[in-house]
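Overview (structure and organization)
What follows is each chain in one-letter form.
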Amino acid sequence: MDCSLIRTLINRYCAGEENWVDSRTIYVGHREPPPGTEAYIPQRYPDNRIVSSKYTFWNFIPKNLFEQFRRIANFYFLIIFLVQLIIDTPTSPVTSGLPLFFVITVTAIKQGYEDWLRHKADNAMNQCPVHFIQHGKLVRKQSRKLRVGDIVMVKENETFPCDLIFLSSSRGDGTCHITTASLDGESSHKTHYAVQDTKGFHTEEDVDRLHATIECEQPQPDLYKFVGRINVYNDLNDPVVRPLGSENLLLRGATLKNTEKIFGVAIYTGMETKMALNYQSKSQKRSAVEKSMNVFLVVYLCILISKALINTVLKYVWQSEPFRDEPWYNQKTDSERQRNLFLKAFTDFLAFMVLFNYIIPVSMYVTVEMQKFFGSYFITWDEEMFDEETGEGPLVNTSDLNEELGQVEYIFTDKTGTLTENNMEFKECCIEGHVYVPHVICNGQVLPDSSGIDMIDSSPGVSGKDREELFFRALCLCHTIQVKDDDNVDGTRKSPDSGKSCVYISSSPDEVALVEGIQRLGFTYLRLKDNYMEILNRDNDIERFELLEILSFDSVRRRMSVIVKSATGEIYLFCKGADSSIFPRVIEGKVDQIQSRVEHNAVEGLRTLCVAYKRLIQEEYEGVCKLLQAAKLALQDREKKLAEAYEQIEKNLILLGATAVEDRLQEKAADTIEALQKAGIKVWVLTGDKMETAAATCYACKLFRSNTQLLELTTKKIEEQSLHDVLFELSKTVLRHCGSLPRDSSGLSTDMQDYGLIIDGASLSLIMKPREDGSSGNYRELFLEICRNCSAVLCCRMAPLQKAQIVKLIKLSKEHPITLAVGDGANDVSMILEAHVGIGVIGKEGRQAARNSDYAIPKFKHLKKMLLVHGHFYYIRISELVQYFFYKNVCFIFPQFLYQFFCGFSQQTLYDTAYLTLYNISFTSLPILLYSLMEQHVSIDMLKKDPTLYRDIAKNALLRWRVFIYWTFLGVFDALVFFFGAYFIFENTTVTSNGQVFGNWTFGTLVFTVMVFTVTLKLALDTHYWTWINHFVIWGSLLFYIVFSLLWGGIIWPFLSYQRMYYVFIQMLSSGPAWLAIILLITVSLLPDVLKKVLCRQLWPTATERTQTTSRQCQDHVSEFTPLASLQSPGYRSNELTSPLATRSSPRSKKVMLTFWNSKECSVLSPIFGISNNHWSSGSRHYLHGCNLETPV
C-alpha cells in the first residue's frame, strides 16, 4: 500500500500531472480498489445536508445587527445615539434611539421571517427518505445522511437526492427520462444514458457487487458541463475505462419520468451539488436613484458638520466676554473652570451634531424599501401583461431596480424566441438545386396528400433520387430527438398512420420542425431502440441504422454530426449545421445552386441549415473511434480536445442540400420597437443567426426602415480591406452626414436618411482584441462613435460571451448609459446579468433567462408597458420621495439652527422631544409613502400613446443637481419663513387674552405646526392623482398631529418626570394672532413654489406638462352636469377637443364612467391603483370628437 501511495504521488507531481488536484476519486459502494491497481486514499466530503438559510438561532442577533450597521445611515445614527448616552446633550437619547430601534426592528423581523421560511424548506428537504444499497439490500434513511460513494435507488416521479452517476435502469436500453423544471424551468423530457458496462445490473445484488472507481472534476456550478471517467474492475484483468459526461449525470432537483427505477452512485452531495452551487446570489445591482441618494446624503452630512462647526465657533466667540460665559446667576464650579478647552469644544461640537442630526433622514431608507417592495406588486398585478395563451404573468425577481426601468437608454435584445415566437415551421428543402415543399398551395387550396413537389424544373433522375433519399435519411438520423412513449411504440412494426402521430421531444424546436417536415415528405423517424435508429421510408419499410457516435452540437462549431451503420454494413457520417460552418468543409456537391437558395431564403427571413455527408471505410472509422475515445477520456481540457477531434473528423464532406424553417415574428413586436425608439431608447439586436436572416427580421420588426442605409462591419468587408480602413471609412460616412444634419435625442435623424450598422462576431473579436502595441482603445472608441450615430445596430453570429461584451462595452462608455438586456434562452444569461436591468422572456427555451433576470415577462410586447408606464411611474414617484424627504428635513432642522443665534448657542432645542421623535415616523411619513405608491402625473393611456414623454425623465432628470439645489433652497426659504415669520409676528404681540406672554415652547410649537402643515400641503399640491386613500392619509395625518398635540399637552401623564408641553398647544390655539400666523405663514411658504410652477408651465412647459394641460382641457369640456342624452346623441360635437391623444378621467370623478374609446361606448370602473381598466363594448356605437373621453355620471 505504501509503495502504491508513493507511486501515485510520483505520477501526479513528477510526471507532469500536477493538475490532478482539481479532480476527485470516488469509490463506488465504498469498496477499495484491487491491490496493486491504485492507492486507496479515503477523502472527506460534506454530508447531504442542504443549508440555504443565512442565520442560526445563536448568531441571528449579532450577525443581523452587523449587517444592518454596515449601512452608513444606520451606523451614523448609532454613533449619534451613543454620543447622547455618553455626554450631556440637549436632546434625549430617545429621539435618536427610538427611530433607529424602529428601523432595525422592522428590518430584523422581515429578514428573520424570511430566514425561518428557508429553515423550514431546508428541514423538509434534508429529512426526505432515500433508498440506498447496503450489503445487497435496500435500506431507507434520511437524505441528509447520504455520503459520497453510496449507491442510491430512485423510483419513477421521485426527485434525485444528490448528484448521481447513472449506473443502470429498469429500461432494457439503459436510458432514463428526466425533467429539470426545478433547475432550469424546462419541462420537456431529457434522455440520460447509463454507463455501458453497468447498464445490465438490474437488481440490488448485482449493483452491490460492482467494483469501480470514478475520477471526476471538483464541484462547479455549470449545470450542462461534467467531465469524468469510470474504472470498472472485472476479476483480475485491467480495469475497463469509460468516459463520463453530462449525459451520464443525474442532477439533484431533477425528477425521474417514464422509468420505473434507476441505480446511481452519489458523487456530489449537500452544498457541493450543482443545484446548491447555483444558490449563490447574483452580483448586487444598484440603481441610479440609489447612487444619487447616497451622494445627496454625503452632501447633507457635510452641511450637518458645517452647521455644528459654525455653532461651536460662534458659541466661544459669543462667550469670549466674561459676563456671557459666566453670568451671576450661573456660576461655574472649580472643576468646570479647570476643564481642558479643546475637550470642551469637542464636546460642544458633538452636542451640536446631536442637535442637528435629524437633517439626515434615517426613515427615508425604510420608506424607500417599503415603496420598492409594495410597488413591485403593481407589475405582477397588471392584467394587461398576463398572457392567456401560456397562462404566465410577469415576475419580479428583485424590487431594487424598479425606478431603473424609467431610465433605460439602450436595449439589447435577442432575436429567436424574443422578437420571434420560436415556433418553428418547416417551409422547404433544397436538394441539389431542386426545391421540395411539404404542402403545396394550388389555386388557394392546400394539397395535404402531396408528398413533395419539385418547384423548379422536372423531377431529378435516378442518381438524383438516390441523393434525395439520402438527404431525407440524413435529416431522419442526424438529431437528438426522443419519441414520446405510447402503447404503439413498442410494436415490432409501425404503420404509416401511427408513424405520423409520433410525438417528438427535443430541446431544440428546429430539430422537431425538420423531422416533422421530412415526415410529410415521406420519411418518418420512429425511435431509438437498443442503440438502433429506426425510420419508415416511402415504401412503408422500416430501415434500421446502428448509432455509432454522436458529435454533439455546440454554439462555437454551429453544427452536429452522427456516425451510423446501415443494415448493409455501410458507415455514414451525416452532418448538419449553419451554412458558414458547412460550406468550408465541403469538397463536392452543387454548392452554387444550394448557396444561392440559402441566401434567397435568408433574405426572406427563414432560418437555414445545410446538410452534408461522407462515407467511411472501416479503417477510417476505427481511426475516428480512437481519436474520439482519447478525447473523451481526458480529464483536463476535454472540451478543447473534443473540438480538435471534431474538426479533424468533419471535413471532406459531400453537400446534399439545405432546409428552410420559418420562425414567425411575435405579436406587436414591431409596434413595441417603434414605441421604444420614439421614447429615445436605442434598440440593438444581438443574435447568433446569419446576417441575412437577422436583417430580414429587423426589417419586419421596423428596427430597420426602407430609408435606412445599412453599413456592414463584417468578416467579408475586413477581408477586402483592413479593419482600420473599414472603421475609418464608416466613421467618415456616418459623421459627415451627422455633422450636417440635426438629430434628436433618440439618435434618429430628422432628415430622411438613417444609418443601420451590421456587425458579426468575428469582427467584434478583432475590435475587442488588444493590438500588438497593447492599445485596443482606439478601435473601441471609433466603433462606439459609429454606433452612437446609427439609429439601430444588428450584431449577428454572436456567441453568448460576445453578447455580454457588447453590453459591457456600452455600459462602460464615457456617457455611462443605463442598459437593459432582454432574452429568453440560456445563451442570453450572460448579457442579462451584465446589463443594469435584465429581463427574461418566459419562452420555449427553458426558464434559465427568467431565473437569472431581474424581471420576467411572457412576451416581448409587454416590454412597452413595463418601461413606458411602470418604469415612468416608478421613477417619478421615487425621485419625488427622495427630494421630498431631504426638503422636509431641511424645513425641520434649519429653524433649530437659527434658534441658536437667539439662545446664546446653548444647544437649547426648539421642539419638544415627542415632536423630534415622531416628525419622521408618524406626522409626515404616510402621505409621501402613499404618494410614492399611487401617483400618476399623466394617465396610463397617455403614456402608452405618447412614448416621447419618456424622454422628460431620461438621464436621471429629476435627481440632477439643479433640481436637488432647488428643493434644498426651497426648504431653507420655508424654514426662514417659519422662524422669522413667527418671530416678527409675536415680537410685540405675544400676549394672550389674559395677558400671559408666549414662552419658548409655545414659539417652537407654532413653528412646528406651520412646518407640518406646510410640508404636507406641499405634497398635496404636487399630487395629480387623487383617490380616497390619498385624502384619508393626507388629511388624516394633519388631524392625527392635532389630536396628538391636544392629548400630549392636555393630560398629565404619570410616566413623565416633567411635562414642559402641558397646556402649551391649547394655549397657542386660544390666541387669535397664532391662528393668523399659522394661516399667513403657510400661505407665504407655499406661494413661491406655486408661482414657479405656474410660470414654468406657461413659459417653458415640458412635454409632460403640455400633455397634462391638454388632458385638463378635454376633461373640463364635459362636466359632471352634462346630460347623458346629449352625450349619446350623434349631434353632440366639441370644437375645442382637437388633441388626438386619449385622456383619462378627473381623479375626483365618480367610479362609474361612460367611456368613448375609438367610437365604442364602454362602461369602465375607475382604477384605484391605476393598473388597468376592463372594457366591455355595448351594442350601440356613437361618435365623439376626441377619442377616449371619460365623463363622470
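Scroll up a little and you will see the structure.
Scope of this entry: the structure provided in the associated data block. Just so you know, these numbers come straight off a predicted model, no measurement behind them.

**Some details on the packing of aromatic side chains**
Following the criterion strictly, the structure yields 57 aromatic pairs and no others. Between Tyr-76 and Phe-77, the aromatic rings sit 5.2 Å apart at their centres with planes inclined by 85 degrees, giving edge-to-face as the arrangement. A relative accessible area of 3% places Phe-77 in the buried class. A centroid spacing of 6.0 Å and a plane angle of 70 degrees characterise the contact between Phe-923 and Phe-1008, whose relative ring orientation is edge-to-face. Highlighted residues: Phe-923 in helix 31 (residues 913–923) and Phe-1008 in helix 35 (residues 1000–1022), separated in sequence by 85 residues. Classification of Phe-923 as buried rests on a relative accessible area of 0%. Taken together, the ring pairs connect Phe-892, Tyr-911, Tyr-915, Tyr-919, Phe-923, Phe-1008, Phe-1040, Tyr-1041, Phe-1044, Trp-1048 and Phe-1065 into an aromatic cluster. The aromatic ring of Phe-132 is capped on one face by Lys-141, whose charged end is 3.7 Å from the ring centroid.

**Brief notes about the sheet that holds strand 5 (residues 163–169)**
Read across the sheet, 6 strands follow the order 3-2-4-13-5-11 without closing on themselves; strand pairing throughout is antiparallel. Of all strands in the sheet, those with a lone pairing partner are strand 3 (137–142) and strand 11 (249–250), marking the two edges. Pairing analysis gives 6 bridges linking strand 5 to strand 13 (residues 261–268), with the strands arranged antiparallel. Looking at the pairing, Ser-169 lines up with Ile-262 of strand 13.

**Let's talk about unusual backbone geometry**
In this model, Asn-652 sits at a positive phi of 55 degrees, which is unusual for a non-glycine residue. Mapped onto the secondary structure, Asn-652 falls in the loop between helix 20 (638–649) and strand 29 (653–665). Judged by relative accessible area, which is 45%, Asn-652 ranks as partly exposed. The phi torsion at Asn-956 lies on the positive side, around 55 degrees, for a residue other than glycine. Here Asn-956 is to be found in the loop between helix 33 (940–945) and helix 34 (961–985). Of the residues examined, Asn-956 reaches a relative accessible area of 12% and is grouped as buried.

**Considering the pattern of salt bridges**
Any two side chains of opposite charge can pair, so long as their charged atoms come close to each other. Within the structure shown, the criterion is met by 40 salt bridges. Across the pair Arg-538 and Glu-468 runs a salt bridge whose closest N-O atoms are separated by 2.7 Å. Taken together, the residues span a long stretch of sequence, with Arg-538 in the loop between strand 23 (532–536) and strand 24 (542–551) and Glu-468 in helix 14 (residues 462–477) at a distance of 70 residues. Note on Arg-538: relative accessible area 33%, which makes it partly exposed. Given a relative accessible area of 2%, Glu-468 falls into the buried group. It is possible to trace a salt-bridge network through shared partners that takes in Asp-382, Glu-384, Lys-865 and Lys-944.

**Some remarks on the pairing of strand 1 (residues 23–27)**
Summarising burial for strand 1: 5 of the 5 residues are buried, a large majority. Where burial is concerned, the two faces of strand 1 agree: the one with Ser-23, Thr-25 and Tyr-27 and the one with Arg-24 and Ile-26 are both buried.

**Remarks on the environment of Leu-794**
Within the secondary structure, Leu-794 sits in strand 33 (residues 792–796). For Leu-794, a relative accessible area of 0% puts it in the buried group. Between the alpha carbons of Leu-794 and Leu-703 there is a distance of 9.0 Å; along the sequence they are 91 residues apart. Not counting chain neighbours up to four residues away, the residues in contact with Leu-794 comprise Val-685, Thr-687, Met-691, Ala-694, Ala-695, Cys-698, Phe-704, Leu-757, Ile-758 and Ile-759.

**A few points about the nonpolar core**
One finds Val-882, Phe-892, Tyr-911, Tyr-915, Phe-1008 and Met-1011 to be the most contacted residues of the largest nonpolar core, which totals 97 residues. Here the element with the most residues in this core is helix 30 (residues 862–899); it accounts for 17 residues. Excluding residues that lie within four positions of it along the chain, Met-1011 makes contacts with Cys-891, Phe-892, Tyr-911, Tyr-919 and Phe-978. Grouped together as the second largest cluster of nonpolar side chains are 47 residues, Phe-378, Ala-669, Cys-796 and Met-934 included.

**With respect to helix 19 (residues 618–633)**
The end-to-end C-alpha separation of helix 19 is 22 Å, in line with the 22 Å expected for 16 residues at 1.5 Å each. If you check which residues of helix 19 are buried, you get Tyr-621, Val-624, Leu-628, Ala-631 and Leu-633.

**What about the side chain of Ser-168?**
Residue position: Ser-168 is located in strand 5. The exposure class of Ser-168 is buried, given its relative accessible area of 0%. There is a polar contact of 2.5 Å between the side chain of Ser-168 and the backbone oxygen of Phe-201.

**Considerations on the sheet that holds strand 34 (residues 819–823)**
The strand order across the open sheet formed by 9 strands is 14-36-35-34-15-30-33-32-31, and the pairing between neighbours is mixed. Across the chains shown, the open sheet's two edge strands, defined by having one partner strand only, are strand 14 (395–396) and strand 31 (708–713). Bridge count between strand 14 and strand 36 (residues 855–857): 2 bridges; the pairing is antiparallel. Within strand 36, the position partnered with Leu-395 by the bridge is Ala-856.

**Quick notes on empty space enclosed by the protein**
All told, the structure shown has 4 cavities of 30 Å³ or more when counted by the stated rule. Lining the largest cavity we find 15 residues, and of these Phe-77, Pro-99, Tyr-358, Val-362 and Asn-920 sit closest to its centre. Those elements that provide at least two residues to the lining of the largest cavity are helix 4 (94–126), helix 12 (362–375), helix 30 and helix 31. The element best represented in the lining of the largest cavity is helix 31, accounting for 5 residues. Here the lining of the largest cavity is composed, by residue class, of 10 nonpolar, 5 polar and no charged.

Reading guide: rules and limits
- Residues numbered from 1 in each chain as written.
- Predicted model: local features only at pLDDT ≥ 70, side-chain atom pairs only at ≥ 80, totals over all residues.
- Heavy atoms only, no water.
- Phe/Tyr/Trp six-rings, centres within 6.5 Å; stacked < 30°, edge-to-face > 60°.
- Buried < 20%, exposed > 50% of the residue type's maximum accessible area, 1.4 Å probe, protein only.
- Helix = DSSP H or I, 4+ residues; strand = E, 2+ residues; numbered from the N terminus.
- Lys NZ or Arg CZ within 6 Å of the ring centre and 35° of its normal.
- Pairing = 2+ DSSP bridges.
- Salt bridge = Lys/Arg side-chain N within 4 Å of Asp/Glu carboxyl O.
- Contact = heavy atoms within 4.5 Å.
- Core = buried A, V, L, I, M, F, W, Y, C linked by side-chain atoms within 4.5 Å.
- Expected span 1.5 Å × (residues − 1).
- Polar contact = N/O pair within 3.5 Å; in protein donor to acceptor, adjacent residues only side chain to side chain.
- 1 Å grid on protein atoms, 1.4 Å probe; cavity = no way out; pocket = protein on both sides within 12 Å on 5 of 7 lines; lining within 4 Å.
- Points joined across faces, edges and corners; volume = space filled by probe spheres on them.
- Nonpolar A, V, L, I, M, F, W, Y, C, P; charged D, E, K, R; others polar.

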